[in-house]
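Structural description and commentary
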Number of protein chains: 2
Amino acid sequence: MNKQVFAFEEGDGKNKALLGGKGANLCEMTQIGLNVPPGFVITTETCLSYLNSQTDSLPEALMAEVQEQMAALEEKTGKKFGDAGNPLLVSVRSGSAMSMPGMMDTILNLGLNSETLNGEIEQTGDAHFAYDSYRRFIQLFGKVALGIADEPFDEAFAQIKKVKGIKEDIGLSADDLSVICDEFLSIVKQQTGRIFPEDPYEQLELAIKSVFGSWMGKRAIDYRREFNITADMANGTAVNICTMVFGNRGDDCATGVGFTRNPGTGENRMYGEYLTNAQGEDVVAGIRTPKSIEQMAQEMPEMHQQLEELRSRLEGHYCEIQDFEFTIERGVLYCLQTRNGKMNAVAMVRTSVEMEREGLLSKKQALLRIDPQHLEQMLYPRLDPNIRIDALAQGLPASPGAASGMAIFDADRAEKLGREGDQVILIREETKPEDIHGFFASQGILTSRGGKTSHAAVVARGMGKPCVAGAEGIVVDVNLRQANIGDIIIKEGDWLTLDGTSGNVYQGKIGTVEADFTQELNTLLSWADEVARLKVLANADTPADAAKAIKYGAMGIGLCRTERMFNDPERLPMVIEMIVADDKLQRQQALDKLLPIQRADFKGIFEVMSPRKVIIRLLDPPIHEFLPSEPQLQREIEQLKQLLAMAAGASVLGNTMNLLKDSHERRITDKVPLPQMVDPSLVEDAINKKQSMLKKVRALYETNPMLGHRGVRLGITFPEIYSMQIRAILEAAAECIAKGMDVQPQIMIPQVSTVEELKFIKQFADSIHAEVEKSYNLTVNYKFGSMLEVVRACMRSESLAEVAEFFSFGTNDLSQATFSFSREDAENKFLPLYNERNILQDNPFEVLDREGVGKLMELAVKWGRNSRKDMSIGICGEHGGHPNSIHFCHQIGLDYVSCSGPRVPIARLAAAHAALGE
Amino acid sequence: MNKQVFAFEEGDGKNKALLGGKGANLCEMTQIGLNVPPGFVITTETCLSYLNSQTDSLPEALMAEVQEQMAALEEKTGKKFGDAGNPLLVSVRSGSAMSMPGMMDTILNLGLNSETLNGEIEQTGDAHFAYDSYRRFIQLFGKVALGIADEPFDEAFAQIKKVKGIKEDIGLSADDLSVICDEFLSIVKQQTGRIFPEDPYEQLELAIKSVFGSWMGKRAIDYRREFNITADMANGTAVNICTMVFGNRGDDCATGVGFTRNPGTGENRMYGEYLTNAQGEDVVAGIRTPKSIEQMAQEMPEMHQQLEELRSRLEGHYCEIQDFEFTIERGVLYCLQTRNGKMNAVAMVRTSVEMEREGLLSKKQALLRIDPQHLEQMLYPRLDPNIRIDALAQGLPASPGAASGMAIFDADRAEKLGREGDQVILIREETKPEDIHGFFASQGILTSRGGKTSHAAVVARGMGKPCVAGAEGIVVDVNLRQANIGDIIIKEGDWLTLDGTSGNVYQGKIGTVEADFTQELNTLLSWADEVARLKVLANADTPADAAKAIKYGAMGIGLCRTERMFNDPERLPMVIEMIVADDKLQRQQALDKLLPIQRADFKGIFEVMSPRKVIIRLLDPPIHEFLPSEPQLQREIEQLKQLLAMAAGASVLGNTMNLLKDSHERRITDKVPLPQMVDPSLVEDAINKKQSMLKKVRALYETNPMLGHRGVRLGITFPEIYSMQIRAILEAAAECIAKGMDVQPQIMIPQVSTVEELKFIKQFADSIHAEVEKSYNLTVNYKFGSMLEVVRACMRSESLAEVAEFFSFGTNDLSQATFSFSREDAENKFLPLYNERNILQDNPFEVLDREGVGKLMELAVKWGRNSRKDMSIGICGEHGGHPNSIHFCHQIGLDYVSCSGPRVPIARLAAAHAALGE
């Protein structure tokens, strides 16, 4: 049997696994000479051995070791455990390796009984204090060690206060408290059938068992599940037994908690609160208002000085912000606990940078102490943390950040009001590509249907706008322009606030805190860039996005999605014209109109990004996504027919016009403003057009669009589309080069499954390239690459690499294909249950599945570099912005990750972590 | 420069690549002493070198070698090339390594000119013959070597016949023919501007060039593309120059073609046709009716005897059925050509078995000479090959075999008539699961929509019934019970014949030939089983299928699809009840009704298959597939509402009832036979039910059903479904074991992507297993396995193998996921173009993609056996029945393939080929 108990003087302060976090720190502090009340720790090993034995007996010889330690305490304190004259009292606290605050049990004042109580009265000369300590002990021990609920104690307590006519606890006299103690003892007898244990060692043994047992208590188990503390991280709790010190024995006593620096701002000043003549729980309970630690400088200057010393010794030793507890008993400062301080991201970043400058941390340490994910809160606006208000509804946290605005139910009105300078929240049942202009104009998006991959969510994330999706409690009525949430009705123009980080929706305008892209963050990230091996690029589809990406420190654009440009309301008609074209000629005419527009798009992006590289992905989604849906078209045709009927007979068109507000056919309502007469031939024309579009929509229907006619398959069946895009890219580059800019266009082909597809596209890309160089009379260097988002592309990467000059993993699609999960269907139908039952630890669309998808990626990297040794390989799926996945990308030797703009800083830090972790 | 010309005496008869097939055989025959007219071969190398030179000059020194060979011919024959007295005439024929019959050019009688013509007349004493030879030569040479069309020659010829008042060519006198020769010569001069070449060597040189050139002629190129003859197989044509012999120089002359055995039946008797006093082209042209070779025994007994000798020497030498050409000139038999005989499958099988018995072939040779795919024609009924009739329409060959029956437009009537003993063809726009009872009752299925993977196609293939799918020329009107094909109207009851092997649809009843599962085939396949390492199992879902599978030689069932059982019209209501259940209790009640039915299914299958193994796959498809579609339900609700309206006001329900014929609600029409009154409450009830089903259908909607909530994902979200199925399997097995049978149930889980899924199912499978063993008081051995049809399952096979005891590759789904191709969408939208442009060589759903999917399979096999060394691994996708894929399965070390019953013999032979190919 290993040694089961360690005095604070002998325990290894680094061994949290064995001694728990609290115990290890108590040992450490004792050993560096801080004033810690004497005590000892029972190891976590002992806990597990007790729990695994499945018996009620503590491990052999444990109590003998405990008694030895208690004897040592008696020696140090001059008191004696169970002694009627000068009794030693102890606290018994749990403490596991992982911090689980409040999740396990604590007993104070252990050692009191009817005899030692008298000794305590005698020693302190304070009967009120002693009885108060006793009644607290009886209740706490009763609850923790004997399993008695709080209610009978609380009722008895209240009864006596009532009888005595006293309102505040503090008004009770020592005699009242004595009566309460007797009452409490009889409650224990009544509830357990046994008298309260008088023997202090019996008390101690029961307390140890109950602390051990609390490790498997419901609260603790729930906590571990909630915070994903897995079995191997969770190895039982230690028990800390420590001499009691009291902050409530007079005005030269106090108790408090402190941070060595301000955890809200990171400022290098001590921060904390204390109460004089109080016990720790009083600070927490909030009955009295604590004072700020700065006040102590006036009130107890000498103590304050000691606290400052404590602070600097703690930081000097731990090289980390400490969150500590202290008690002052009769002018003596004791440190009862310390742990690393939890701070918000702003404070973490500031302290990292400052501590590095102070020489407390190396740059490496300064980087590693910050969880990259933690930066997220600095990068998006968030609700003012000081405002507490109940949410009106809850949806999925689909795109982070907070925003307020007026509720608006259609994209056109949103655009109009947005242009006029109003703040707008766009609310829809779900959004469609044709709502995109409403996105641009809105502060945030709210939908009542759809998941984290719905159109609204994906587009909002791409734009960095807050989005709450699938808030099912909200019933949207677009025609009435209102939404019902239970009994509450939100009308157009009512103010709403969204928190896309939590998924909450609030009524009214709630203050938000802007993103804090601080100078310190820039400094920290510049250190990150120095050590990272992975480059961090951004996904950006517009010059504005690109400019933002540069602000966030992106080293280029890793994914520019050309289809996003197609969704602009000005362009969508041309795109639709191209799609519904009956022949190649008609299609070419539509494409000819799109060419200069796309060229201008790309030129704008190149200008912003020069001299960084810009990877442009050619058209990816199935083209039917640009068309309205079949039911929508049917509805619109129905409405137009009604309009026609009305035009024939009636003169009042108001109602119909209103109905048309949500339809596509803005052209008609524009041309025929209310209440004028509509030209029937115009309506007939529109009906015919819509009917031929309906035919096209039906012809383009696919059973599994995710696996359908898209990406390079479109590029091969309609080469004129890709030709237009390639020409636009290369001409845009040529125009920039002509102006003396350094541009690096890279053309990327989506959905590739075989090298023949690449060869086919490369062939006409090269010929367009030659034409462009000739007509501009200059050299345009471009690279030609392939997405790896189809499983077969991974399997054939060696062959693909003969044509592709770079690869980019599209892990969204690749994860879908690898699992055979359609993300939308999976997240709605079975993934939550899979996570709950631990069939999958994580959602593979959020956390890259290393064992399956990752293994495939690793092979693809290896095979690809077999044929092209210096192949540049990156990732541009959503995973590219997640630290865990970034770490993996580093491990398998990728060259870059690309993610949405606001995630770039997170990715830069994560990339540094990955490199430092090697 | 290599030697460019080989005399028949010196060429290597095995070197078809160099000498072409014909040339090599001429050399071989000459060298084994058969009587071949003297001649020589110009090599294919020479051809390529001429074509590659891109000039009009023959390779250097070729004509010198040719002249040497001509000199040798002159010596052998005693004639002289170009000699006016006794001229040597030769034929010039093409002949490549791959047989391309009729695709390249031939010139006969070369060497004739105005001078040698006279010598020929003198030598033969037959001016008619000589002029006839001359005019044939001029026309053929004119066409082949000088590029003159047939028309001017044919017109001139017809003109002279007309002038002379002669109808048959043979009526022309020598003088007439002489006039024709002159006329032909002037046509040549007129068309080419030059006189016809008189110099025999000039003739020969031009002839050689034109034969070489014909290799790149349009006909030849088209032929090579059509038959997938790739560049590496196609290496130019040889030129065979051979002394002319004549079968048309009197009644002791003849010409004919023969097979050493009957190519239609395989019977060991010479088979062929001949004409006396005729040239080869006369036999082919069909102007005179040839006699059967048996008649020669009477007519020319000595020659017949020589032919029999030739036959036996050919077979003895080639050890293969020979298809040969002969000419008898003045009582001397010459063999002009031989090649391996093409036969139908019945003959191939019979000759293989008989030649093995005769000692001509080893068993290995007997097996290897038959292309496994070729067996298909023996295994399905087919159209009587003697009947030639034009097809009425053409669709996709969706399930092989031929069948005739009366056209019926709905499943209910098909079932009714089928039960009454009528032969029925079920015609639908497309079929649905609820039509399944109509499939059982029909001879064949015809649809106007859908591809090779449509419901109709898949189900028909599973049942081994002929199916033509997607015959778009047919417009089906179910309400009128008729189909329009252009102007033709097919009414209910009209006879149709389908050929599911070609995709043709015929009007009327055309004779079919039954499948020939001959004794010889059994013998051959038993040899195959002896050498094959792969076991061949069958896919079968019913006891009847299982019995058929055994007939075809299946060694067990590799895939029993439980969902097929759910589609039975008696059961579908219970299945629907289960799906629309609001809670677990309701669902359990529905499942309790299904349990005894499934148990009986499995028991029936176990009884048939005992003691072979039966692998049963638990429910796989998304459950919404069992429900009607949204539009269908809407239509039905509409119809029911009409019925309700009518019930309220009108008494004549005839029309509505008719409308209801196609709907689900047979219950109502059954209960309320025409023309009685309908009970409105009954209809209201039905409407409510349908509306709640509609709600469910909408809730179950999936964007990508292929990647949705199906397979094991259903098993985990609704464990009660899999529990019922597992219980049914194990109880069925227990009941068989109790009767003393040896059964081997194996439970297979579909759509697995992680080992946790397997563990979850295995856990309750084991507990049901324990219960069943206890309640039956006996031991049931079962195995638990996993499909590998999800990419991730392949990547994680090492981990899966810790739980799974066997694996089965589902290459249909796996190919879809690996390519990110939805089969249905791909085959409709872009795969044809991909094949056409050679982006993909094959349709990966028909031919297993070795480089992508196959590579993944190979890894999965390796990794799986890392953790379970003796892991049994098979394949049960459609690829499992295709020889090329079977070969690959053998190579990567699979244990078995499973395919549809009728493909089992093909698979058995292919498995043997794979083993013999090692």
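Numbering of residues starts from 1 in each chain and follows the order in which that chain's sequence is written. Lettering for chains starts from A, numbering for ligands starts from 1, and both go in the order in which the items are written. In keeping with the predicted nature of the model, local features appear solely for residues at pLDDT of at least 70, side-chain atom pairs appear and are counted solely at 80 or more, and the whole-chain, interface and lining totals rest on all residues. Hydrogens and waters are ignored; side-chain quantities use all the structure's heavy atoms.

1. Details of the overall build of chain A
Strands here mean DSSP runs of E at least two residues long; helices mean DSSP runs of H or I at least four residues long; both are numbered from the N terminus. Along its length, chain A carries 38 helices and 33 strands. Projected onto its principal axes, the C-alpha positions of chain A cover 105 × 70 × 55 Å. Under the scheme applied here, a residue whose accessible area is under 20% of the maximum for its type counts as buried, over 50% as exposed, and between as partly exposed, the area being computed with a 1.4 Å probe on protein chains only. Among the 918 residues that make up chain A, the fraction classed as buried is 57%. By definition in these notes, contact holds between two residues if any of their heavy atoms fall within 4.5 Å. Of the contacts made within chain A by residues no fewer than 6 positions apart, 68% connect residues no fewer than 24 positions apart. In the structure as shown, chain A presents an accessible area of about 36700 Å², 48% of it carried by carbon and sulfur atoms. Charge separation in chain A, taken as the distance between the mean sites of 98 positive and 128 negative side-chain charges, equals 6 Å. Per-residue and other accessible areas were derived by the Shrake-Rupley procedure at a 1.4 Å probe size, with only the shown protein chains allowed to occlude residues. In this tally, Asp and Glu contribute negative charge and Lys and Arg positive charge; neither His nor the terminal groups of the chain are included. Positions of charges follow a simple convention, taking NZ of Lys, CZ of Arg, CG of Asp or CD of Glu.

2. Quick look at the confidence of the model for chain A
Residue and element names in this part refer to chain A. The predictor reports its confidence for every residue as pLDDT, a score running from 0 up to 100. The predicted model of chain A averages 89 in pLDDT, with 95% of residues at 70 or higher. Counting interchain partners and residues more than four positions distant, the pLDDT-below-50 stretch residues 650–657 has 18 contacts. pLDDT under 50 marks residues 666–676. Its contacts with residues more than four places away, or in other chains, come to 16 contacts. As scored by the predictor, the complex reaches a pTM of 0.80 and an ipTM of 0.79.

3. Some words on the relation of the copies chain A and chain B
Fitting of the copies onto one another was done by least squares over C-alpha atoms, counting residues only where both copies have pLDDT of at least 70. Superposing chain A onto chain B takes a rotation of 179 degrees plus a shift of 0.1 Å along the axis, which leaves an RMSD of 0.3 Å. When the rotation and shift are considered jointly, the pair of chain copies conforms to a two-fold rotation axis. The position closest to the rotation axis in chain A is occupied by the C-alpha of A:Asn704, lying 1.9 Å away. Here 100% of the contact residues of chain A are again contact residues in chain B; the copies associate through an equivalent surface.

4. Some points on the side chain of B:Arg571
Residues and elements named next belong to chain B. Tracing the chain through its elements places Arg571 in the loop between α21 (562–566) and α22 (572–580). On the basis of relative accessible area, Arg571 is assigned to the buried category, the value being 16%. Polar contacts involving the side chain of Arg571 include one to the side chain of Asp601, which spans 2.6 Å. Leaving out residues up to four positions away in the same chain, Arg571 has contacts with Met565, Phe566, Ile597 and Asp601. What qualifies as a polar contact is a pair of N or O atoms within 3.5 Å, subject to a donor-acceptor requirement within protein and to the restriction that residues adjacent in sequence count only when both atoms come from side chains.

5. Let's talk about α22(B)
Helical geometry note: an α-helix holds 3.6 residues per turn, so side chains three or four residues apart project in the same direction. By the burial criterion, the buried members of α22(B) are B:Leu572, B:Met574, B:Val575, B:Ile576, B:Met578 and B:Ile579. For α22(B), the secondary structure elements touched by its buried residues are α21, α23 (584–609), α27 (680–700) and α29 (719–738) of chain B.

6. Notes on the side chain of A:Thr43
Residues and elements named next belong to chain A. Along the chain, Thr43 turns up in the loop between β2 (39–42) and α2 (44–53). Of the polar contacts made by the side chain of Thr43, one reaches the side chain of Thr46; its length is 2.5 Å. Every residue in contact with Thr43, bar those within four places of it in the chain, is listed here: Lys3, Gln4, Phe6, Leu18, Leu19, Phe212, Thr237 and Ala238.

7. Quick notes on the pairing of strand β31 (residues 806–809) of chain A
Residue and element names in this part refer to chain A. Of the two faces of β31, the one holding Phe806 and Ser808 and the one holding Phe807 and Phe809 are both buried throughout. Should DSSP find at least two bridges between two strands, the strands are taken to pair. Pairing analysis gives four bridges linking β31 to strand β32 (residues 872–875), with the strands arranged parallel. Bridging across to β32, Phe809 finds its partner in Ile875.

8. Focus on the packing of helix α19 (residues 519–531) of chain A against helix α38 (residues 904–916) of chain A
Residues and elements named next belong to chain A. Between α19 and α38, the shortest axis-to-axis distance is 8 Å and the interhelical angle comes to 45 degrees. The angle between α19 and α38 falls in the class oblique. For the element pair α19 and α38, the recorded crossing hand is left-handed. Of α38, the residues touching α19 (which contributes Leu525, Ser526, Ala528, Asp529 and Val531) are Pro905, Arg908, Leu909, Ala912, Ala915 and Leu916. Any residue that is not Ala, Val, Leu, Ile, Met, Phe, Trp, Tyr, Cys, Pro, Asp, Glu, Lys or Arg is counted as polar, Gly included; the first ten are nonpolar and the last four charged. Partitioned by chemical class, the residues of the contact of α19 with α38 number eight nonpolar, one polar and two charged. Under this scheme, a helix contributes an axis fitted over its contacting stretch, all axes are lines through C-alpha atoms, and angles between N-to-C directions fall in the 0 to 180 degree range. Note on terminology: angles under 35 degrees are roughly parallel, angles over 145 are roughly antiparallel, angles of 65 to 115 are roughly perpendicular, and the others are oblique. Two helices cross in a left-handed way if the nearer one is turned anticlockwise from the farther one by less than a right angle. They cross in a right-handed way if the turn is clockwise.

9. Observations concerning the nonpolar core
Nine residue types can take part in a nonpolar core, namely buried Ala, Val, Leu, Ile, Met, Phe, Trp, Tyr and Cys, and a core is a set of them joined through side-chain atoms within 4.5 Å. Formed by 297 residues in total, the largest nonpolar core has its most connected members in A:Phe809 and B:Phe809. Formed by 60 residues, the second largest nonpolar core is a distinct cluster that contains B:Leu89, B:Leu117, B:Ala156 and B:Leu172.

10. Some details on unusual backbone geometry
Cis geometry is adopted by the peptide bond preceding A:Pro611, which originates at A:Ser610 and carries an omega value of 5 degrees. Structurally, A:Pro611 is set in the loop between α23 (584–609) and β28 (613–617). If you check the backbone angles, B:Asn109 has positive phi at about 65 degrees while not being a glycine. For B:Asn109, the location among the structural elements is in strand β4 (residues 106–110). A positive phi angle, near 65 degrees, is found at B:Gln751, a position not held by glycine. By secondary structure assignment, the location of B:Gln751 is in the loop between β27 (744–749) and α30 (755–776). Under the relative-accessibility criterion, B:Gln751 is labelled buried at 1%.

11. Side note on the interface of chain A and chain B
Taken together, the 49 residues of chain A in the interface contact 49 residues of chain B. Summed over both partners, the accessible area (1.4 Å probe) lost when two parts come together is defined as the buried area. Both sides of the chain A and chain B interface together cover about 4600 Å² of buried area, and 58% of this is carbon and sulfur. Looking only at chain A, the three residues that lose the most surface to chain B are A:Leu707, A:Arg792 and A:Lys829, adding up to 15% of its buried area. Here, a salt bridge means any Lys or Arg side-chain nitrogen found within 4 Å of an Asp or Glu carboxyl oxygen. Put simply, chain A and chain B have six salt bridges between them. When contributions to the side of chain A that touches chain B are tallied by element, the ones reaching two or more residues are α28 (712–717), α30 (755–776), α31 (791–795), α33 (811–819), α34 (823–829), α35 (831–836) and α36 (850–867) of chain A. In terms of residue count, α36(A) provides more of the side of chain A that touches chain B than any other element does, six residues in total. In terms of residue class, the side of chain A that touches chain B is made up of 23 nonpolar, 13 polar and 13 charged.

12. Considering the packing of aromatic side chains
The description of two aromatic rings rests on the distance between their centres and on the angle between their planes. When the centres of two rings from Phe, Tyr and Trp lie within 6.5 Å, Trp using its six-membered ring, the rings pair. Their planes under 30 degrees apart give stacked, over 60 give edge-to-face, and anything left gives tilted. This structure, assessed with the given rule, holds 31 aromatic pairs over all chains. Centre to centre, the rings of A:Phe566 and A:Phe626 are 5.8 Å apart; their planes meet at 55 degrees, and the pair counts as tilted. Of the two residues, A:Phe566 sits in helix α21 (residues 562–566) while A:Phe626 sits in the loop between β28 and α24 (630–649), which places them 60 residues apart along the sequence. Comparing A:Phe566 with A:Phe626, the two get one shared label, buried. Ring pairs connect the aromatic residues A:Phe819, A:Phe821, A:Phe830 and A:Tyr834, which therefore count as one cluster. By the criterion adopted, a ring carries a charge over it if an Arg CZ or a Lys NZ lies within 6 Å of its centre and within 35 degrees of its normal. Note that B:Lys509 overlies the ring of B:Trp495, its terminal NZ or CZ placed 4.4 Å from the centroid. Here the basic side chain of B:Lys551 rests over the ring of B:Tyr552, its NZ or CZ set 5.0 Å away from the ring centre.

13. Observations concerning the pairing of strand β20 (residues 474–477) of chain A
All names here are of chain A. In β20, alternate side chains face the same way, and those of Ile474 and Val476 are buried while those of Val475 and Asp477 on the opposite face are not. Relative to strand β21 (residues 482–485), β20 is paired through four bridges, and the arrangement is antiparallel. For Ile474, the partnering residue across the bridge sits in β21 and is Ile485. Linkage of β20 to β21, two consecutive antiparallel strands, is achieved through a turn of four residues, within which Arg481 is found at a positive phi near 55 degrees.

14. Side note on helix α27 (residues 680–699) of chain A
All names here are of chain A. In a helix, the anticipated span is given by 1.5 Å times the number of residues less one. Taking 1.5 Å of rise per residue, the 20 residues of α27 would be expected to cover 28 Å, and the 29 Å separating its terminal C-alpha atoms lies within 8% of that figure. Where α27 is concerned, the buried positions are Val683, Ala686, Ile687, Lys690, Met693, Leu694 and Val697. Each buried residue of α27 lies within a common arc of 130 degrees when the element is viewed along its axis, so the set occupies one face. In α27, those exposed residues whose orientation departs by more than 90 degrees from the buried face are Lys689, Lys695 and Ala699. What the arc covers is the set of directions going from the helix axis to the C-beta atoms.

15. So, the sheet that holds strand β20 (residues 488–491) of chain B
Residues and elements named next belong to chain B. Strand order in the open sheet made by the three strands is β18-β19-β20, with antiparallel pairing throughout. Each edge of the open sheet is held by one strand with a lone partner, namely β18 (474–477) and β20. Ignoring strand direction, the axes of neighbouring strands in this sheet form an average angle of 20 degrees.

16. Considering the packing of α36(A) against helix α36 (residues 850–867) of chain B
With their axes 14 Å apart at the nearest point, α36(A) and α36(B) run at an angle of 120 degrees to one another. Between α36(A) and α36(B) the crossing geometry is right-handed. Only B:Lys855, B:Leu859 and B:Trp863 of α36(B) make contact with α36(A), whose side of the interface consists of A:Lys855, A:Leu859 and A:Trp863. Of the residues contributing to the contact of α36(A) with α36(B), the split by class is four nonpolar, no polar and two charged.

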